[in-house]
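Structural overview
Here is how the chains run, residue by residue.
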Amino acid sequence: AWPQAVSVSRLEAELPAGDDGAAALAGILWTTFQAGLTELHAAPFRLTGEPGVRPLASPLARLQAAGGDLVTNLRHQAIRIEDEFSARFLALLDGTRDRTALLRLVSAMPEVRGNLTGVSRQLEECLKGLGRLALLLE
């Protein structure tokens, strides 16, 4: 489910029938939380791992990407954007552009101009990568 969270009620629905399943689940969650293997949150994050028709990145991350290589994702973690292209691409994801518009803008970037082979595939890979980094809003 990463980068999204899974609700306790969804986990409980997966349990086999029995009266001690919820208690066992609570024990497992507590133990894995103490070990640093799971995170517990009061409410789900408004993020998605799958980019929508008009991908929308966190406004804070878009602003931060314009000024440096460290951005804050929607899980409140610092993420380093390794290359200038990704930072510039992240800034384009304001929810107003579909894939065609993004492809047109990316094709005009100096890093891509004249080398359009595979740009559409690279665009999709970049979007999915940004989703895995918890930078895309639902």
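Residues numbered from 1 in each chain as written. Predicted model: local features only at pLDDT ≥ 70, side-chain atom pairs only at ≥ 80, totals over all residues. Heavy atoms only, no water.

So, on to the packing of helix α5 (residues 99-107) against helix α6 (residues 119-132). Between two packed helices, both the angle of their axes relative to each other and the distance between the axes serve to describe the pair. Running from amino to carboxyl end, α5 crosses α6 at an angle of 110°, the nearest separation of the two axes being 10 Å. Considering the angle they form, α5 stands roughly perpendicular to α6. Counting all contacts with α5, which are made through Arg-99, Leu-102, Leu-103, Val-106 and Ser-107, the residues of α6 involved are Val-119, Ser-120, Leu-123, Glu-124 and Leu-127. Tallied by class, residues from the contact of α5 with α6 come to 6 nonpolar, 2 polar and 2 charged. (Axes fitted to C-alpha atoms, helices over the stretch in contact; angles between N-to-C directions. Helix = DSSP H or I, 4+ residues; strand = E, 2+ residues; numbered from the N terminus. Parallel < 35°, antiparallel > 145°, perpendicular 65-115°, else oblique. Contact = heavy atoms within 4.5 Å. Nonpolar A, V, L, I, M, F, W, Y, C, P; charged D, E, K, R; others polar.)

Time to look at the pattern of salt bridges. Under the counting rule described, the total for this entry stands at 5 salt bridges. Arg-75 is the partner of Glu-39 in a salt bridge, and the nearest nitrogen-oxygen pair spans 2.3 Å. Taken together, the residues Glu-39 in the loop between α2 (21-34) and α3 (59-67) and Arg-75 in the loop between β1 (70-72) and β2 (78-80) connect sequence positions 36 residues apart. With a relative accessible area of 10%, Arg-75 lands in the buried category. For Arg-121, the salt bridge identified is with Glu-125, shortest N-O distance 3.6 Å. Highlighted residues: Arg-121 and Glu-125, both in helix α6, separated by 4 residues, approximately one helical turn. (Salt bridge = Lys/Arg side-chain N within 4 Å of Asp/Glu carboxyl O. Buried < 20%, exposed > 50% of the residue type's maximum accessible area, 1.4 Å probe, protein only.)

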